[in-house]
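Now for the letters of each chain:
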Amino acid sequence: MAGPSQPRQRKPRSTPEPSTDNVQDDEHVNEVYQNPRNRNAIEQLLETPQASVVVVSALTALAFALRFYKINAPDQVVFDEVHFGKFASHYLRREYYFDVHPPFAKMLFALAGWFVGFDGNFQFETIGDSYTTNLVPYVGLRALPAILGSLTIPVVYAIMKESGYSTVIAAFSAAIVLFDNAHVTQARLILLDAALIFFMSLTIYAYIRFRKLRYREFSSDWWTWLITTGVFMACTWGAKVNGILTVFTIGIAVLIDLWDILDVKKNPNIEYFWKHFWARVVGLIIVPFIVYLSFFYIHFAILTRSGPGDTFMSPAFQETLLGNDMLLNSQEIRYYDTITMRHKETKAFLHSHTEKYPLTYDDGRISSQACPGQQVTGYGHNDTNNNWQIIPTKALPETGRGRVVRNNDVVQLLHVNTRTHLLTHDVASPLMPTNQEFTTWAKDDLTRHNDTLFQIVFNDGHEGQAFRSKSGYFRLVHVPTKVSMWIHGKQLPDWAFNQLEVNGNKNPTERTATWFVDGIISDENGEDPVNRESKAPKKEPKSMNFFRKFAELQLLMLQHNAGLTASHPYASSPINWPFLLSGISFWTQSDTSKQIYLIGNLVGWWTCVVTLSIYVGILGADLLARRRGVDPIPDPARNRLWNNAGFFFVVWAVHYAPFFLMNRQLFIHHYLPSHLASALIAGAVLNFVLSDTINYPISHQGPTTRARPSQYSDIGIKGPVIFVIFCILMLAMFIFIAPLTYGTPGPTSGASNQSPCLHPLGSTAIMFNAPRPAQRYTGSSSAVGFGSGSFVDENPLANSVYDDGLDPWSAAPSPAPTPIPQHASSVFNSVIADAKVPPIYNAAFAAADPSRLGETSINSLSRILSTSALPAATIDKVWNKHIETLRSMLTHDSFRLSILPRVSKLEFFVALALVALSQAGKDVSIEQVAALSSQNTLPEPALDLSRFPASNLPFTTSVPNYRRDTISDDPWNVTPQYGPPPNSGAIDTSRGGLSNGVPSSLAGTGLPDEWWKKQEVVRVNLLGPQGFILNRYMVYEVATDRGNPPVHRRYSEFVFLWDVLLQRYPFRLFPALPPKRIGADEQFLEQRRRGLARALNFVINHPVIKDDGLIAVFLTEPSLETWRKHSSVSLDEESASKRVDRIEEMTIPSDLEDKLAGVRVRLNPLIDQWQRICILAERIIRRQEAAAVRSPPALRRTYLPTHFSFPIFIPSPPSSPRSTAASASIFSESSTVHNNYTPTADEFALQGDLTRLTNTLRAVVEVNGRCWRGDECELSNGVRLGLEQFADHAQRHSELSESRSHTLLDNTLEALKTQRDLYLATRDLLIRHDRLSIDQVERLKKRVETNSLKLDGIRSAQREGWEEEVDRLTSLIERDQASIAAQLSRRVFIRASMWHELRVVLHNRENTLVTQMVHKFSRDEREFAERVLNNWVSLGNAVEAMPYE
């Protein structure tokens, strides 16, 4: 064995002669020669081929064991299995989907699923869905990544062996990956990372094999490994988008290789260089690209049916899919058609209404108010003000194809409701001074004709291409100024009802200025054009060039991957990854204390960090030494470090460094490829540290290579010993973290938190058993959906591609569902976390929270603390700790979620812990509580709960909470139900669907006596978010008094109910549903819950609608989604199954139209005034509330952002000409209300002023407990007792004031809003009546007359074939007459329905509600006044004896 090498002075070298023969000079030196038999005996044994096979076999078997162990657990959907499992099911059902990652790995999953018999019908909807219940062969799907992850271990071993390292060193690198918990976790689930890492390691292996053949260039083996490298490289890229970093890695290595070949000293002939260059182009560019293309070719060949990914693609692409909506429902658009247009990005309709732009904007700029233009905006809901008619600017033929609108045609757009033309001019838009304002111009005024001309320019269209609905993406370019009509997503101020701004983008080719025609409302004759192309043949999928498909999909993948910028609780910075400072929670099962948490093996990861540092240090030291003429490292070892380990370092850096430049969500699993590379570097560094000898030569000798003597590595006995010790440490840490890897019950939180191994990791110390925090999802609230509208024609969810506003294609990890919503942003939660609390904590909270709301008031907390026998000054100090902590939260975006004077259970516990610390004489600080909590040693306070004073609240109304029942949200009645529940309707089993309920008499006496006491009550409670991060949705509990168990409903299911009922009962009073919002906060969710409750109670107490069978299903069916899959729902209008008899018809007043006109006249002023009343009432209540204590989070509203800027309760937002004038001033005034109540840090510090005043008074009493004179002073004692009484009565007054505020919010304000909702529903009804009551009776009568005349003429002439023509005309006349009879019957029914709604519903409700509200308000205020009076009278009696001297 060679002795240790000594530093050698560099000898002068003569200039070498140019030579064309190759010399293995990169790894060979002359100094060391070695006989392999002189090595250590263990080294000789392990270096035999048989020993190497045994070692790699043992490593591989252990890899399979670790990755297949309990692979069937959990039998639920975990983490991003919701995505990649779903994608596999799409392949098996051949439904097109979109994802940011290439398809290769997902197709492998689909192949595995097909192989094990998976039919693709399971949809992987949410984390926690059961595989076993749904009979999914999930083990077979998980087996694929487990196999690939297991096979990665022998590949890593082979990489090291092929690089010339010994068996021990190769096994060392393989063991780092083998025992790593993060790699095992990823390989046991249906995720892409195992495939990515497997093919990346194969690429590295193949390239090393190729490099070893560099002296046998262009041989068959050389070509084989070159092409194999390219194929594996393509597979890596095809497995996951991150695989492109492997392509860059090989590209860098190839460039270095080519640079070396270009050296004239080695290869004077340039032709030799070009041969190598083109060989690498073929093997590493062309072949990989062909393989990569083949993945997408197979992808497109399989996914031929319409699926969830359609909407991401262009119209041309979508029309290649079977069953696509664009393919089936696209229609040609002709001149004079009335259409609706939507912006492609925001899905907002092009909209206009009669309101004008303000004369001047906030920045002083002048608008177009000086000319008679009106606002043009983007609106998120369907509305008649979205209707535009296409007017030609050229002569048209009477009939034929010449009337079809085509690409590059110049047109005018006529706003149907206001009869004005769309116009833009050189006036700055409201929000973007650089862009042009859009407005309209009177149809009959031709002075600005040129400014109303627009050119329709198709995206990627050809000249003369027909304009079609759904499938025709286009830009609308203004002819004179060449600007494109554009929506940028920003909201206009209140004067435009917070709708989106439409302006002119001065870039006429702006791709985001893309629009499409959503639908054709009518043709030039006012008829439905649905059958205009009835004679057209059945539409077959169109063809599209594969390369166009490929290019389009690649661009979309890049755009969406770059758009994943939302925050996430488990996102982390790349600088933290090598140190393993955080992980990702994949799955949690709270009741069994099971969790899957992605975290690496601490021993392995920190070993890699240390060896990376050593490697960089070695290279730096070598460079410095050589600059001074010293060679501290033998040339063979140096060359191995620079070339081979240097290649590993390039792999690590290229897969790691780019993430620092990415502005998107980043997670620790992105580091796994770099971790594998760092394991290879760790082996190289260990070999260098143990010995300066290497195995050499490792490259294959070429025909012109001068051979050098061989050298053999000898690391002695040290290598195996270190390897065994290292494996023991790795295995011990693996076993310790294994419960989080396999999702099995592990150590208690206390054991985990006390582990000394975890303390250096900071946040890692408590992450293993911490519950996954509730995620607050943020998003742009400026998208669409501003205001709510009538849902007759438009699903309110249609303004977003995703249900509940979340992108299902995001690569962000999905949080496990949490069964109980938490105050996620409260800093107190992280203080207590999951620590065990003494029993006294729960007993005290139970006493303070008798209603089991999960939170209590500051007053209750103060009374609990008063039983601790601590001085009042000390209690005040404890309270101040809460205030200080609250102040620290004011910079947090979500500090409102856990805010005093309502305290959560954990905040309550923190206060008790502070009291216990004070009683024990220890440091009173939040940090001390956190430290004791982490050790499960929270102190136990001494409380005398028997002395807990009862509250003197005068009212029984409890504070609404995130998880409590809401009893007072009934829009009609605040008293209990007295009568039996109404008939729930019947299910029409003969049709397999639902009937519209039983016929009801429209001529009855209206409502029964004292009907307001017999209203049914439905309670809507917010249970919190469920589902995974990319498909999170809110779940509501709906409970009734019918005796049925509560049911859980999603917001989209409320929308479904409203859609169906509005189509069945378009001429009935309907309240509007509260709107959808992306990134909604808790205040908005509480507002929406109340709105849903009011709307649902309105419907179930409607005299007619309440009997609909669908309502019974909605209130009783456990799973509405399952019911919908197995039931058909009738959408027939009410008039189709009901008839108005003669007697009922006679009860309809002849002047009904006049009565309706009278209602219209007074409706808008009433809405205006009731809006003002609600605003003023809320302002008054808030001022009263601020005088006492602030309200809890569930009741704290910011006025405009959650209530008026997005009008929850306005069925047809101020888009209607009738409503906007009345509403404008309301919105203007509302902003003032909101601005008056913007909380500041000082306000929050004063939230519990009365409570703090009480504590301070008691502290004064304690300080003056003994007179300074030293004797018994009657004056001091008397004053002290008086102050005690003052403190007690001040606290009682605080409780009274707080309760009064809650009562006013729950009862009075809700009653006022209910009254307002009634008038808004009436306005909506009148709008629907105007739009839907139009019939074709007169036109049909004229057609019958015309056909009758034709029939008489044919019968008189009796020409050849006249009998057939007579039969045809007779059939047409009979059909038209039947249609006339049906429409006349519907006309009568509409009149009867409108009379019923005015006489029975509106008239009774609008008067009774006011009476009921006033009576309740007067009773509550009187009771409050009496209680306050009694309180202060009691104080006066108590302090009567206070001495003056």
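Residues numbered from 1 in each chain as written. Predicted model: local features only at pLDDT ≥ 70, side-chain atom pairs only at ≥ 80, totals over all residues. Heavy atoms only, no water.

Enquirer: Just checking my understanding: could you explain unusual backbone geometry for this structure?
Expert: Among all residues except glycine, the phi angle is most often negative; among peptide bonds, the trans geometry is most common. Across the junction of alanine 73 and proline 74, the peptide omega takes the value -5°, indicating a cis bond. Relative to the elements of secondary structure, proline 74 occurs in the loop between helix H2 (49–68) and helix H3 (81–93). Phi is positive for leucine 135, close to 55°, though the residue is something other than glycine. Tracing the backbone through its elements, the reader meets leucine 135 in the loop between helix H4 (104–115) and helix H5 (138–162). (Helix = DSSP H or I, 4+ residues; strand = E, 2+ residues; numbered from the N terminus.)

Enquirer: So what exactly am I meant to see when it comes to the pattern of salt bridges here?
Expert: It is possible for side chains of opposite charge to pair when their charged atoms get near one another. Evaluation of the coordinates by the stated rule reveals 36 salt bridges. Here arginine 1089 and glutamate 1086 are joined by a salt bridge, their closest N and O atoms 2.5 Å apart. With arginine 1089 and glutamate 1086 both in helix H27 (residues 1082–1100) and three residues apart, this pair spans about one turn of that helix. Per residue, the accessibility class of arginine 1089 equals that of glutamate 1086, and both read buried. Two residues, aspartate 1324 and arginine 1328, come together in a salt bridge whose shortest N-O distance is 3.8 Å. Placement of both aspartate 1324 and arginine 1328 in helix H36 (residues 1274–1332) is noted, with a separation of four residues, approximately one turn of the helix. (Salt bridge = Lys/Arg side-chain N within 4 Å of Asp/Glu carboxyl O. Buried < 20%, exposed > 50% of the residue type's maximum accessible area, 1.4 Å probe, protein only.)

Enquirer: Got a minute to help me understand the confidence of the model for the protein chain in this structure?
Expert: Regions with low pLDDT should not have their predicted coordinates read in detail. Mean pLDDT over the protein chain works out to 76, with 77% of the residues at or above the 70 mark. This model gives residues 1–33 a pLDDT under 50, and the stretch forms 66 contacts once residues within four places in sequence are excluded. Confidence drops under a pLDDT of 50 for residues 950–1005, and excluding neighbours within four residues, the segment shows 170 contacts in the predicted structure. (pLDDT = per-residue confidence, 0-100. Contact = heavy atoms within 4.5 Å.)

Enquirer: Explain the nonpolar core to me, please; I cannot follow it from the model alone.
Expert: Nonpolar side chains tend toward joint burial in soluble globular proteins. Counting residues in hydrophobic clusters, the biggest one holds 158 residues, and the most contacted among them are Phe586, Phe647 and Phe648. When residues in this core are grouped by element, the largest group, 12 residues, is from helix H8 (residues 193–212). When residues no more than four places from it in sequence are discounted, the contact partners of phenylalanine 647 are Ile204, Tyr207, Ile208, Thr249, Ile250, Ala253 and Trp642. Counting residues in hydrophobic clusters, the runner-up holds 36 residues, among them Phe1098, Leu1320, Leu1326 and Leu1398. (Core = buried A, V, L, I, M, F, W, Y, C linked by side-chain atoms within 4.5 Å.)

Enquirer: Looking at this structure, I do not really get helix H26 (residues 1051–1064). What am I missing?
Expert: In a regular helix each residue adds 1.5 Å, so 14 residues correspond to 20 Å; H26 covers 20 Å between its end C-alpha atoms and thus fits that length. When you tally the buried positions in H26, you get 13 out of 14 residues, the bulk of the element. (Expected span 1.5 Å × (residues − 1).)

Enquirer: Please clarify how a nonpolar patch on the surface should be interpreted in this entry.
Expert: Taken together, the side chains of Ile42, Ile717, Val721, Ile725 and Leu729 define a hydrophobic patch exposed on the protein surface, amounting to about 400 Å² of accessible area. In terms of residues, the nonpolar patch owes the most to one element, helix H18 (residues 718–742), which gives three residues. Tracing the sequence through the fold places valine 721 in helix H18. By relative accessible area, valine 721 is classed as partly exposed at 41%. (Patch = residues over 30% accessible without salt bridge, like charges linked within 9 Å, V, L, I, M, F, W, Y side chains within 5 Å. Areas by Shrake-Rupley, 256 points an atom, 1.4 Å probe, with all protein chains shown as cover.)

Enquirer: So what exactly am I meant to see when it comes to the pairing of strand E8 (residues 436–442) here?
Expert: Residues in a regular strand point their side chains to alternate faces of the sheet. Most of E8 is tucked away: six of the seven residues are buried. One ladder, built from seven bridges, connects strand E7 (residues 420–428) with E8; its direction is antiparallel. By the bridge assignment, leucine 422 is partnered in E8 with threonine 440. Here E8 pairs with strand E12 (residues 500–505) via two bridges, running antiparallel. (Pairing = 2+ DSSP bridges.)

Enquirer: In this structure, what is going on with the sheet that holds strand E23 (residues 1047–1050)? I would like to understand it.
Expert: Strand pairing within a sheet occurs via backbone hydrogen bonds; the two strands may be parallel or antiparallel. Spatial ordering of the open sheet is given by E21-E22-E23, a layout of three strands whose pairing is antiparallel. Across the chains shown, the open sheet's two edge strands, defined by having one partner strand only, are strand E21 (1018–1026) and E23. Strand after strand, the sheet turns through a mean of 30° between neighbouring axes, direction not considered. Bridge analysis of E21 against strand E22 (residues 1033–1040) gives eight bridges, and the strand direction is antiparallel. Bridge pairing links valine 1018 to threonine 1040 in E22. The sheet strands contacting H27 are E21 and E22, and the helix crosses E21 at an angle near 145°. Running over the sheet, helix H28 (residues 1109–1116) touches E21, E22 and E23 and is turned about 105° from E23. (Axes fitted to C-alpha atoms, helices over the stretch in contact; angles between N-to-C directions.)

Enquirer: Help me out: how do you make sense of the packing of helix H15 (residues 602–627) against helix H17 (residues 672–690) in this one?
Expert: Geometry of a packed helix pair, given as the angle between the helix axes and the separation of the axes. Two numbers describe how H15 lies on H17: the axes approach to 8 Å, and their chain directions differ by 60°. Taken together, the axes of H15 and H17 lie oblique to each other. The element H15 and its partner H17 pack so that their crossing is left-handed. When H15 is examined against H17, the residues Trp605, Cys608, Thr611, Leu612, Ile614, Tyr615 and Ile618 are found in contact with a partner set consisting of Leu672, His675, Ser678, Ala679, Ile681, Ala682, Val685 and Phe688. The residue makeup of the contact of H15 with H17, split by class, is 12 nonpolar, three polar and no charged. (Parallel < 35°, antiparallel > 145°, perpendicular 65-115°, else oblique. Left-handed = near helix turned anticlockwise from the far one by under 90°. Nonpolar A, V, L, I, M, F, W, Y, C, P; charged D, E, K, R; others polar.)

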